[in-house]
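A closer look at the structure
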Amino acid sequence: MGLFKAKLEFPLITKKLYFSSLFILLFLFMSFPTFASLPLKGLMLKTNDTMWLSLGGGLRFQATSRDSDTDDSSEFTINSMRLYISGQLHDYLKFNINTEKYEGDSMMIIDALLKFEFNSSANLWLGRTLVPSDRPGLNGPYSGLTWNQYRQPLFSADYDGPAGQLGRSEGAVFWGTKERFQYLLGVFEGLENDYGNTANHFLYAGRLAYNFLNIEPQPGHYYTSGTYYGSQGNILTAAITLQSQNDGTGSKSESGDFSGYAFDVFSERVLLNKGVINFEAGYKEIESDFTFARRPQDETEKCFCLFDGDSFYVTAGYLIPEIIGIGKLQPYFRHTKNSPADGKNSDTSEWGTNYVLAGSKANINLNYTHGDANASGYAGERKSNVTLGLQLQFY
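Things to note about the overall build of the protein
Helices and strands together make up the secondary structure of the protein, namely two helices and 18 strands. The proportion of buried residues among the 395 residues of the protein is 50%. Summarising the internal contacts of the protein: among those between residues at least 6 apart in sequence, 62% fall at separations of at least 24. Carbon and sulfur atoms make up 61% of the accessible area of the protein, which totals about 18,000 Å².

In structure tokens, the structure reads:
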């Protein structure tokens, strides 16, 4: 199963005892007196305000138990381990390198870019970076409200394949903030020519967001978050995302086009009692000439096939203001429905709660999911999962 993924069988231990152990583990984390004082800052080497180097990292660990007609297993997994390297060389020049290791795979570089940041309204990033995407794509796994937010069909660069990895591709992004508008405009390599893109057509991507209330303070106004835990006041943001690539799907001998758009809305409201209500919803439609259900005629060739159809998700959460132990509870609910044009519909619901210790830097999650939706957009096996997760970040 690899170095970081071990499948554990419990022939003599009942599931009831297994789940009891998870709750005991959760209780120990909640009651551990020194956890809140962990040094969650990364390493900073600084010469002056315009020349510095920063090192940090992230870790997501989970214990999962599954229940379906064909899978009744349990396992512990480190599903993400990241190293963050960033620095500044000049008033207007920064750089960023991020790595990822998950589920026993080898370490890979997911970000490697130069950042020419002139002012809040005009900036240019060059290299391997995140393609402008919908909100779940820009949240990333470490900044989402829910533990399992990737149940929707993905854009082409989100698959670990010839069009990109984890939403990244080589290219350039021009982005900025002008009053209440935030924009991202990018040109990327996208699908490689080994899969029919012999003319080397580029992947074009853009996102336009409008902030009705407070302006979201996401890093560099580029990335997004599924919750700010009330730290930024009242937020209401609506955005539209577009992606397109000619010859962006298919096989070496038979290519097809890919295009898609998404609309999402995000709200965070701080109540008088200091509780925080979160709401997020999104609609995505993708058109692909070749899909997992509609492949090229020559089935012996590898196909970079995508989803064709539409998808919708909705998320709601509430951060309880009272401190329990050393953190706060944040129960939530998420529902996803996928409707492919050439397959049956699928859906998944997730009920969970975060135990927030230090925002997105340190939290514990317990969730239950049920359904057959997954990131391919096509129905999988209907199953129920219970997951206990721990997330840490140092930066």
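The rest of the description comes next.
Quick look at the nonpolar core
Ranked by size, the top nonpolar core spans 27 residues in total, and within it Trp125, Val131, Trp175, Tyr222, Phe258 and Phe304 carry the most contacts. Counting residues per element, the ones that place at least two in this core are strand S7 (122-130), strand S8 (168-178), strand S9 (181-188), strand S10 (203-211) and strand S12 (255-270). Membership of the second largest hydrophobic core comes to nine residues, among which are Tyr355, Ala362, Leu388 and Leu390.

Some thoughts on the state of the cysteines
In the structure shown here, the tally under the stated rule is one disulfide. Two residues, cysteine 303 and cysteine 305, share a disulfide whose sulfurs are 2.0 Å apart. Between cysteine 303 and cysteine 305, the disulfide has an S-S torsion of 105° and is therefore right-handed. On the basis of relative accessibility, which here comes to 17%, the residue cysteine 303 falls in the buried class.

Looking at a nonpolar patch on the surface
A surface patch of nonpolar side chains, about 550 Å² in accessible area, is lined by Phe181, Leu208, Ile240, Leu242, Tyr261 and Phe263. You can see phenylalanine 263 is positioned in strand S12. A residue is classified by how much of its surface remains accessible, and phenylalanine 263, at 43% relative accessible area, is partly exposed.

Section: the pairing of strand S17 (residues 362-371)
Most of S17 sits inside the fold, with eight of its 10 residues counted as buried. With nine bridges connecting them, strand S16 (residues 346-356) and S17 associate as antiparallel partners. Pairing of asparagine 354 across the sheet is with asparagine 365, part of S17. Summarising the sheet, S17 and strand S18 (residues 383-394) pair through 10 bridges and their orientation is antiparallel. Residue pairing across strands places alanine 362 opposite leucine 392, the latter belonging to S18.

Some remarks on the pattern of salt bridges
Inspection of every chain in the model, using the stated rule, returns 13 salt bridges. Residue glutamate 216 is joined to arginine 135 by a salt bridge in which the shortest nitrogen-to-oxygen separation is 2.6 Å. Remark: arginine 135 occurs in helix H2 (residues 135-139) and glutamate 216 occurs in the loop between S10 and strand S11 (235-250); sequence separation between them is 81 residues. The class for arginine 135 is buried, based on a relative accessible area of 0%. Put simply, Arg66, Asp71 and Glu75 are held in one network by salt bridges that share partners.

Things to note about the packing of aromatic side chains
Counting across every chain of the model gives 18 aromatic pairs. With 6.0 Å between their ring centres and 45° between their planes, tyrosine 92 and phenylalanine 118 make a pair best called tilted. Residue tyrosine 92 is found in the loop between strand S4 (74-90) and strand S5 (93-101), and its partner phenylalanine 118 is found in strand S6 (residues 108-119); the two are separated by 26 residues along the sequence. The class for phenylalanine 118 is partly exposed, based on a relative accessible area of 44%. Measuring from ring centre to ring centre gives 5.8 Å for phenylalanine 292 and tyrosine 378, while their planes differ by 80°; the resulting arrangement is edge-to-face. With phenylalanine 292 in the loop between strand S13 (276-288) and strand S14 (309-319) and tyrosine 378 in the loop between S17 and S18, this pair connects stretches of sequence that are 86 residues apart. When its relative accessible area of 37% is taken as the criterion, phenylalanine 292 is described as partly exposed. Linked through ring pairs, Trp125, Trp175, Tyr222 and Tyr223 together constitute an aromatic cluster. Over the ring of tryptophan 125 we find lysine 115; its NZ or CZ atom is 4.6 Å from the centre of that ring. Positioned over the ring face of phenylalanine 266 is arginine 135, at 4.1 Å from the centre of the ring.

The rules behind these values
- As a convention, each chain's residues are numbered from 1 in the sequence order in which they are written.
- This being a predicted model, a pLDDT of at least 70 is required before a residue's local features are given, and a value of 80 or more before pairs of side-chain atoms are given or counted; all residues contribute to the totals for chains, interfaces and linings.
- Side-chain metrics in this entry use all non-hydrogen atoms of the structure; hydrogen atoms and water are not considered.
- The way it works is that DSSP assigns letters per residue, a run of H or I at least four long becomes a helix, a run of E at least two long becomes a strand, and they are numbered from the N terminus.
- For every residue, the accessible area obtained with a 1.4 Å probe (protein chains only) is divided by the maximum for its type, and the residue is called buried under 20%, exposed over 50%, and partly exposed between those limits.
- Contacts are residue-level and defined by heavy atoms, with any inter-residue pair within 4.5 Å sufficient.
- Here, Shrake-Rupley sampling with a 1.4 Å probe gives the accessible areas, and only protein chains in the shown set may cover a residue.
- For our purposes a nonpolar core is just a set of buried Ala, Val, Leu, Ile, Met, Phe, Trp, Tyr and Cys residues, chained together by side-chain atoms within 4.5 Å.
- Note on terminology: pairs of cysteine sulfur atoms within 2.5 Å are recorded as disulfides.
- For patch detection, residues must exceed 30% relative accessible area and be free of salt bridges, and they are connected within 9 Å for like charges or within 5 Å for nonpolar side chains (Val, Leu, Ile, Met, Phe, Trp, Tyr).
- Salt bridges are defined by distance alone: a side-chain nitrogen of Lys or Arg within 4 Å of a carboxyl oxygen of Asp or Glu.
- Note on pairing: DSSP must find at least two bridges between two strands before they are called paired.
- When the centres of two rings from Phe, Tyr and Trp lie within 6.5 Å, Trp using its six-membered ring, the rings pair. Their planes under 30 degrees apart give stacked, over 60 give edge-to-face, and anything left gives tilted.
- By the criterion adopted, a ring carries a charge over it if an Arg CZ or a Lys NZ lies within 6 Å of its centre and within 35 degrees of its normal.

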